[in-house]
Structures are given as C-alpha cells and as structure tokens.
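Close look at the chain arrangement
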Amino acid sequence: MQTGRHLWFIGFMGAGKTHWAARAADVLGRPHLDLDAVLEARMGRTIAEAFSTLGEDAFRALEIEELRRIAALAEPHVVSTGGGTPELPGAWAVMEAAGRAIWLDVAWPDLVVRLSSERDQRPLLSGADWEARARALWLRRRPVYARALEVWREPSEAQIQALALRLQSTR
Ligand code: S3P
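Residues numbered from 1 in each chain as written. Predicted model: local features only at pLDDT ≥ 70, side-chain atom pairs only at ≥ 80, totals over all residues.

Here we take up the site of the ligand. With respect to spatial proximity, the complete set of residues near the ligand consists of Met13, Lys17, Asp36, Ile47, Gly82, Gly83, Gly84, Arg122, Pro123 and Leu124. The class makeup of the residues in the shell around the ligand is four nonpolar, three polar and three charged. (Near = placed C-beta within 6 Å. Nonpolar A, V, L, I, M, F, W, Y, C, P; charged D, E, K, R; others polar.)

Given below as structure tokens:
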C-alpha cells in the first residue's frame, strides 16, 4: 500500500465514514478531513439547507471542486467523503490518482436502522417513500463503491490497527 497518499473512506450514507476516517487519522497521525463538513463551512449552511436553497446540482459542483482541491494537498490526509462523491463524473479518477479508497460496506438492514434515526440531516432521505428510494440508490452505487481496492464489512479498532501496521510495513 502506498503511504504518501490520501486514504478515502467511501460508502453509503450511514456507513460510518466520518467516524472511522477520524479514528484512522488519529492512529495514523494524519489530519482528517470530512468532505461534507468542508462543504458546509464553505457554503455557510448545512447540506440540507444547501439542497433546498442552491439545489443538488450546485451542491454536486462544489463537491467535485472540493474533492479536487483536497486531492491536490501535498500532505497525506484521511478523508471521509459524502455517500454520493464516488459517482460524481471524474471523481473516481481524482481519488485513484491521489490515494486509495476504503469502502465501508454495510448490509442494507443495518443501514436502514441507522438511517431512520438520522434522516433529518440528509435531504435525499426526506419524504414518505425514502426507504425504497434509498435502497435503489444503494443498489445503483454498490458497483461504483466496489472499485475500492479495500472493503471493510465490519469496521473495528482491530481493523484500524491492522491498517496502520500495513502502512508502516510499506513505508
Ligand atoms: C449524500 C450523502 C451525504 C451528503 C449529501 C448527499 C449522498 O453524506 O454528502 O447529503 O448523495 O449520498 P453522508 O454519506 O456523509 O451522509
């Protein structure tokens, strides 16, 4: 595994990308960046507000712009992306050229439980039929996420330690 590059944590909403990227960053001694948080700071509003005021297309344009900016940072970061980031046109090439992706692949029944309590911050999960729409999105995105070279199905502290060891051994 190359060490001098970013680690991108990817996966569907509710997969735990922010949590596990922050943990990996801690253990690896690298800075963590959360793409959603970077975007909220830049827009001066929450993602839910951005979707309703600017619209999703404007949000996506900023998302790919910020992804490119982060990819160009010389210092290796651990980055938690948004659930939709990897399917943005051009995003995969940017991520691949600047680092390695780790896919947090959570089974659908577990995701539904998590998402049902976190829907208010996620504009794509609003409305009565949110579960069916989210499942269709999840199915559509899985082949995109599956391009990651590494898949974590049950993220754990042990997995973080193993990642750190692997990175050290190839340093
Ligand atoms: C989105 C996921 C969200 C956020 C936005 C759109 C998506 O990030 O970027 O609401 O398209 O899946 P999380 O995956 O961190 O919830």
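Moving on, we come to the packing of helix H2 (residues 35-43) against helix H4 (residues 56-71). H4 packs onto H2 with a crossing angle of 115 degrees between their chain directions and a minimal axis gap of 10 Å. Relative to H4, H2 is oriented roughly perpendicular. For the pair H2 and H4, the crossing hand works out as right-handed. The residues of H4 that touch H2, namely those facing Leu35, Val38, Leu39, Arg42 and Met43, are Leu62, Glu63, Glu66 and Leu67. (Axes fitted to C-alpha atoms, helices over the stretch in contact; angles between N-to-C directions. Helix = DSSP H or I, 4+ residues; strand = E, 2+ residues; numbered from the N terminus. Parallel < 35°, antiparallel > 145°, perpendicular 65-115°, else oblique. Left-handed = near helix turned anticlockwise from the far one by under 90°. Contact = placed C-beta atoms within 7 Å.)

For a regular strand, side chains alternate in direction, first toward one face of the sheet and then toward the other. The buried fraction of strand S4 (residues 99-104) is high, at five of six residues. Alignment of strand S1 (residues 6-10) against S4, held across five bridges, turns out to be parallel. Bridge pairing in S4 places Ile10 opposite Trp103. Here S4 pairs with strand S5 (residues 150-152) via three bridges, running parallel. In the strand pairing of S5, Trp103 is matched with Val151. (Buried ≥ 20, exposed ≤ 12 C-beta atoms within 10 Å, placed from the backbone. Pairing = 2+ DSSP bridges.)

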